[in-house]
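Chain by chain, the residues:
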Amino acid sequence: MDSIMSKLRNLDAYPKINEDFYSRTLSGGVITLASSIIMLLLFFSELRMYLHAVTETKLVVDTSRSETLRINFDVTFPALPCSILSLDAMDISGEQHLDVKHDIIKKRLDSHGNVIETRQEGIGAPKIEKPLQRHGGRLEHNETYCGSCYGAEASDDECCNSCEDVREAYRKKGWALSNPDLIDQCKREGFLQRIKDEEGEGCNVYGFLEVNKVAGNFHFAPGKSFQQSGVHVHDLLAFQKDSFNLSHHINRLAFGEYFPGVVNPLDNVHWTQETPSGMYQYFIKVVPTVYTDVLGHTIQSNQFSVTEHFRTGDVGRLQSLPGVFFFYDLSPIKVTFREENVSFLHFLTNVCAIVGGIFTVSGILDSFIYHGQRAIKKKMELGKLN
């Protein structure tokens, strides 16, 4: 038994030195104190990383199909009234959403940016006071109102009971409504007067669009849009204005849900128009993104980058449609973010590396200073003897 204990004693890699042979120095004390502080700081830094999740990023090819893209927006036009502002969306597949009204809220703003009225699209309720019937006579008692579409009706029994109905019928036909005062519904509702009353007002538009997951664009522009000979145009004649101030402030623009760490480059972007008219364009590259948190919850969203361009509507060149356009395209690469916790063994390994590394480096530094001091002291003593 004694022989076994003796053999184990010979394997001791940490031989003990009698305390009588210890020599404590001032430099050793300073190095010990400094190394202990550094060791503690690195330990707490490693502990913080262990207690918080780390995010792993990967790039993969986007193989998803038949999905829709949700566009959340909140845009303010300080000098464009809500009554003339419309929103259109279209994509390269040929699908079009003209004069979008669903899931859109408009706020009328005064010149100081204060809210006057909030409404779910539309330009107000019509006032019916003996309106003109489709057959030409005025509405009498016990009669059902059926207003004329002024040649734009799709069928004989179609009725246009409001100015908005007539404008919509004209849009479907690809016709421009040049003089609303000639339309009984518009004259009765005071369409032009309402536009004049809103002169100098602004508009805040917010909501969301659900579009196909293909390249396309959506834009805010004055007037009701329609297709004419395969060309997308807006009916601006009805407003009897030569120029439109498209200065705007993008409060928020996001493609998909929010996830931690996302940065939307167009949030709180402001642009002021200095020319009479023009087209402001944003070219957006959308990058599909998947975020998975520590609990395994997955968020399907998107990030994007953007460039800007302003196209003036100069006289003598092809007239550009006044509006704010967002052209978007999708990247074939998907970014995945996954939150993961650091394992305890990894934490333990790093702590041991910190303690051992600092202990070794401080020992080398102490030894270098100690032997350097001894060598200098010995030379000084030899110099005195000589």
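- The name that an unreviewed UniProt entry assigns to the protein is Endoplasmic reticulum-Golgi intermediate compartment protein 3-like, with the source organism given as Flemingia macrophylla.
- Checking UniProt for the protein, the heading Subcellular location (unreviewed entry) contains the comment "Membrane".

### Observations regarding the overall build of the protein
(1) Moving on: Helix and strand counts for the protein come out as six helices and 16 strands.
(2) Moving on: Within the span of the protein, comprising 386 residues, buried residues form 38% of the whole.
(3) Moving on: Carbon and sulfur atoms provide 57% of the accessible area of the protein, an area that totals close to 23,200 Å².

### Some details on the confidence of the model for the protein
(1) Moving on: Mean pLDDT over the protein stands at 80; residues scoring 70 or higher make up 80%.
(2) Moving on: Strand β9 (residues 224–228) is the least confidently modelled element of the protein, averaging 63 in pLDDT, while strand β11 (residues 248–255) averages 95, the highest of any element.
(3) Moving on: Between residues 122–130, whose pLDDT stays under 50, and residues either more than four places distant or in other chains, the model counts 16 contacts.

### Re the nonpolar core
(1) Moving on: Within the largest apolar cluster, 36 residues are counted, with the highest numbers of intra-cluster contacts made by F218, F220, L253, F255, I284 and F326.
(2) Moving on: Of all elements in the fold, only β2 (68–77), β3 (85–91), β7 (202–212), β8 (216–222), β11, β12 (269–271), β13 (278–292) and β15 (323–330) reach the threshold of two or more residues within this core.
(3) Moving on: Examining the composition of this core, we find that five residues originate from one element, β2, more than from any other.
(4) Moving on: In this view, I284 contacts L253, F255, L266, F304, S305, V306, F326, F327, Y328 and D329; residues no more than four positions away in its chain are not counted.
(5) Moving on: Grouped together as the second largest cluster of nonpolar side chains are 10 residues, A152, V166, Y170 and I183 included.

### A look at the UniProt feature "transmembrane region" (unreviewed entry) in the protein
(1) Moving on: UniProt records the feature "transmembrane region" (unreviewed entry) for residues 21–44 and 344–370 in the present numbering.
(2) Moving on: The straight-line gap between the two end C-alpha atoms of residues 344–370 is 38 Å; of that span, 100% is helix and 0% is strand.

### Points about the pairing of β3
(1) Moving on: Buried residues dominate β3, accounting for seven of its seven residues.
(2) Moving on: On β3, burial covers both faces: L85, L87, A89 and D91 on one face and S86, D88 and M90 on the other are all buried.
(3) Moving on: Note: β3 against β8, seven bridges, orientation antiparallel. What sits directly across from L87, in β8, is F220.
(4) Moving on: As judged from the two bridges shared by β3 and strand β4 (residues 96–97), these two strands associate in the antiparallel manner. Each residue of the ladder has a partner; that of A89, found in β4, is H97.
(5) Moving on: Between the end of β3 and the start of β4, which pair antiparallel, lie four residues, with G94 showing a positive phi angle near 100°.

### Structural notes on helix α3 (residues 163–173)
(1) Moving on: Within the sequence span of α3, burial applies to C163, V166, R167, A169, Y170 and R171.
(2) Moving on: Remark: G174 follows α3 within two positions and exhibits a positive phi of approximately 80°.

### Regarding the state of the cysteines
(1) Moving on: Enumeration over the complete set of coordinates arrives at two disulfides.
(2) Moving on: Each sulfur in the disulfide pair C82 and C203 lies 2.1 Å from the other. Its S-S torsion of approximately 100° makes the covalent link between C82 and C203 right-handed. Placement of C82 in the loop between β2 and β3 and of C203 in strand β7 is noted, with a sequence separation of 121 residues between them.
(3) Moving on: With a relative accessible area of 2%, C82 lands in the buried category.
(4) Moving on: Taking the relative accessible area as the measure of exposure, C203 reaches 0% and is therefore buried.
(5) Moving on: Put simply, C149 and C160 are joined by a disulfide, and their sulfur atoms are 1.9 Å apart. Classification of the bridge connecting C149 and C160 rests on its S-S torsion, roughly 95°, and on that basis the disulfide is right-handed.

### A few points about the packing of aromatic side chains
(1) Moving on: By the definition in use, this model includes 23 aromatic pairs.
(2) Moving on: On the numbers, 6.3 Å between centres and 65° between planes, the contact of Y50 with F344 is edge-to-face. Of this pair, Y50 sits in helix α2 (residues 26–51) while F344 sits in helix α6 (residues 344–385), placing them 294 residues apart in sequence.
(3) Moving on: According to the relative accessible area criterion, Y50 is partly exposed, its value standing at 25%.
(4) Moving on: Ring-pair connections join several aromatic residues into one group, and the members of that group are F73, F77, F218, F220, F255, W271, Y280, Y282, F304, F310, F326 and Y328.

### Brief notes about unusual backbone geometry
(1) Moving on: The phi dihedral of D103 falls on the positive side, at around 60°, and the residue is not glycine.
(2) Moving on: Mapped onto the secondary structure, D103 falls in the loop between β4 and β5 (104–109).
(3) Moving on: Taking relative accessible area as the criterion, D103 reaches 36% and is therefore assigned partly exposed.
(4) Moving on: A positive phi angle, close to 60°, is found at N268, a residue other than glycine.
(5) Moving on: Mapping N268 onto the fold places it in the loop between β11 and β12.
(6) Moving on: Assessed through its relative accessible area of 57%, N268 is described here as exposed.

Thresholds applied
Residues numbered from 1 in each chain as written. Predicted model: local features only at pLDDT ≥ 70, side-chain atom pairs only at ≥ 80, totals over all residues. Heavy atoms only, no water. UniProt positions renumbered as here; feature names shortened; annotations may be inferred. Helix = DSSP H or I, 4+ residues; strand = E, 2+ residues; numbered from the N terminus. Buried < 20%, exposed > 50% of the residue type's maximum accessible area, 1.4 Å probe, protein only. Areas by Shrake-Rupley, 256 points an atom, 1.4 Å probe, with all protein chains shown as cover. pLDDT = per-residue confidence, 0-100. Contact = heavy atoms within 4.5 Å. Core = buried A, V, L, I, M, F, W, Y, C linked by side-chain atoms within 4.5 Å. Pairing = 2+ DSSP bridges. Disulfide = S-S within 2.5 Å. Phe/Tyr/Trp six-rings, centres within 6.5 Å; stacked < 30°, edge-to-face > 60°.

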